[in-house]
Amino acid sequence: MSAHVLDGRRYAKELREALLADVRELAEHATRPGLATVVAGDSYPAHAYERRVRTLARQLGIHYVCEELPADVAEADAIAVVGKLGADPRVSGILILRPLPPQVSEAALYRALDPLKDIEAVHPVNAGLLALGRPRFVPSTPASVFHLLDRYLVESGRDPAAVYQRSNVVVVGRSANVGKPAITLGMERGATVISCDAHSYSSGLLYEHTKRADVLIVATGVAGLISAEHVKDGVIAIDVGINPVVNPNGETVRLVGDLDFSSVVTRAEAVTPVPGGVGPITDVWLLRNTVTAARRALSMAITRPLLEGLNLLTAYEPMASSAGR
Ligand SMILES: NC(=O)C1=CN([C@@H]2O[C@H](COP(=O)(O)OP(=O)(O)OC[C@H]3O[C@@H](n4cnc5c(N)ncnc54)[C@H](OP(=O)(O)O)[C@@H]3O)[C@@H](O)[C@H]2O)C=CC1
Ligand SMILES: Nc1nc(=O)c2c([nH]1)NC[C@@H]1CN(c3ccc(C(=O)N[C@@H](CCC(=O)O)C(=O)O)cc3)C=[N+]21
């Protein structure tokens, strides 16, 4: 048996076309969405992603700015940069790239985000709303994972809701921006969700869980962590991992996932490749969230003076203040 190889590029193309139409529509209202990224140090995956996002923003006509910080940036300076972007009216969405250098606390930087520009839902308020099933933004990577899954299930003639409700969804990795929100999205769909981490691996339990997965989502950054012997026949396996591997010539770098693709493909019903799976959807989703943020900012700009005129702003303000503004 050889699995269906899910084509993330095809889904990404469709999403990109729809997004371009949205950007053009906003332009008719004299509104241009803007994305800002913050990257500190020289992580290869972070810079690889930054380049993708930059290129796509330009293609779509979205304003783009990247704040490149040195690896030894002081935490207070990084926080000030995030604050500055929050106050910049050209910026509708902000992405803080990971990993951050050790002296910069991720939590401190996330708290410094304007919650209405926090398109990856990492500010405590947005992470909380997501966990409660009322997301303001769905973070791009887990959103892309479930977009792929939902689309594949529909295209193969199944009702995604019915499939999730009788599925074990096993999520390997539980970071705040990928694994944890993926767990939430699986729970929201009514699946039985099992969360595994590095302790599952070191205690020898990881593969007991992965073998029970109907849907396996792997986001660890450990190349080749899961191979055919660790999954059951007919699994649907989604590989989030992006791991740079230096080619034998010692120069060019290629990317591999967390699945040992060539073996998993022999047992799975469906599997995503790296490259060409989740990755190509993620950047489109990020810009889609940026456009959503810009649209909301526009409607707020229109509504605010009206509410002020009617002396109703107090009725409106709690929403903004509950967002921590
Ligand atoms: N395709 C895409 O669009 C994207 C890809 N990525 C890629 O996805 C991967 C994961 O990213 P991210 O979540 O940010 O990474 P993090 O390093 O923040 O988190 C990794 C998670 O994997 C767990 N883990 C590590 N080793 C093992 C192991 N041997 N067995 C089981 N679990 C393990 C860790 O467990 P513990 O918590 O116990 O330490 C942790 O929860 C990376 O390769 C990254 O580059 C990221 C974002 C987008
Ligand atoms: N806050 C934060 N959010 C992230 O989403 C995030 C991050 N930090 N830090 C770094 C990692 C890495 N990452 C990538 C996503 C897609 C590709 C990608 O699309 N790759 C192409 C491959 C292109 C090629 O082969 O060159 C693909 O998968 O098809 C690459 C890298 C996002 N990350």
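Preceding this paragraph is the structure being described.
Residues numbered from 1 in each chain as written. Chains lettered and ligands numbered in written order. Predicted model: local features only at pLDDT ≥ 70, side-chain atom pairs only at ≥ 80, totals over all residues. Heavy atoms only, no water.

A.B. asks: Explain the overall build of the chain here, please?
C.D. replies: Tallying secondary structure elements over the chain gives 13 helices and eleven strands in all. Expected size for 325 residues packed as a compact globule is a radius of gyration near 20 Å; at 20 Å, the chain falls within 12% of this value. By the burial criterion, 50% of the 325 residues in the chain qualify as buried. Counted over contacts in the chain with a minimum sequence separation of 6, partners at least 24 positions apart contribute 69%. (Helix = DSSP H or I, 4+ residues; strand = E, 2+ residues; numbered from the N terminus. Rg over C-alpha atoms; globule rule 2.2 N^0.38 Å. Buried < 20%, exposed > 50% of the residue type's maximum accessible area, 1.4 Å probe, protein only. Contact = heavy atoms within 4.5 Å.)

A.B. asks: Which parts of the structure should I look at to understand the site of ligand 2?
C.D. replies: Close to ligand 2 lie 17 residues; Arg52, Ile96, Arg98, Pro275 and Gly276 are nearest. Measuring from a nitrogen atom of ligand 2, one finds a backbone N or O atom of Arg98 at 2.8 Å. Gly276 places a main-chain nitrogen or oxygen 2.6 Å from an oxygen atom of ligand 2. Looking at the shell around ligand 2, the elements that each hand over two or more residues are α2 (44-60), β4 (93-96) and α12 (279-309). Per-element tally for the shell around ligand 2: the top contributor is α2, with four residues. (Near = heavy atom within 4 Å. Polar contact = N/O pair within 3.5 Å; in protein donor to acceptor, adjacent residues only side chain to side chain.)

A.B. asks: Help me out: how do you make sense of unusual backbone geometry in this one?
C.D. replies: Only a minority of non-glycine residues have a phi that is not negative, and only a minority of peptide bonds are not trans. Cis geometry is found at the peptide bond from Arg98 to Pro99, where omega equals 0°. Within the secondary structure, Pro99 is located in the loop between β4 and α4 (106-111). Each neighbour pair has its own omega, and for Val274 with Pro275 the value is -5°, a cis peptide bond. With respect to the element layout, Pro275 can be found in the loop between β11 (270-271) and α12. For Ala30, which is not a glycine, the phi torsion comes out positive at approximately 55°. For Ala121, which is not glycine, the phi torsion reads 55° and is therefore positive. By secondary structure assignment, the location of Ala121 is in the loop between α4 and α5 (124-131).

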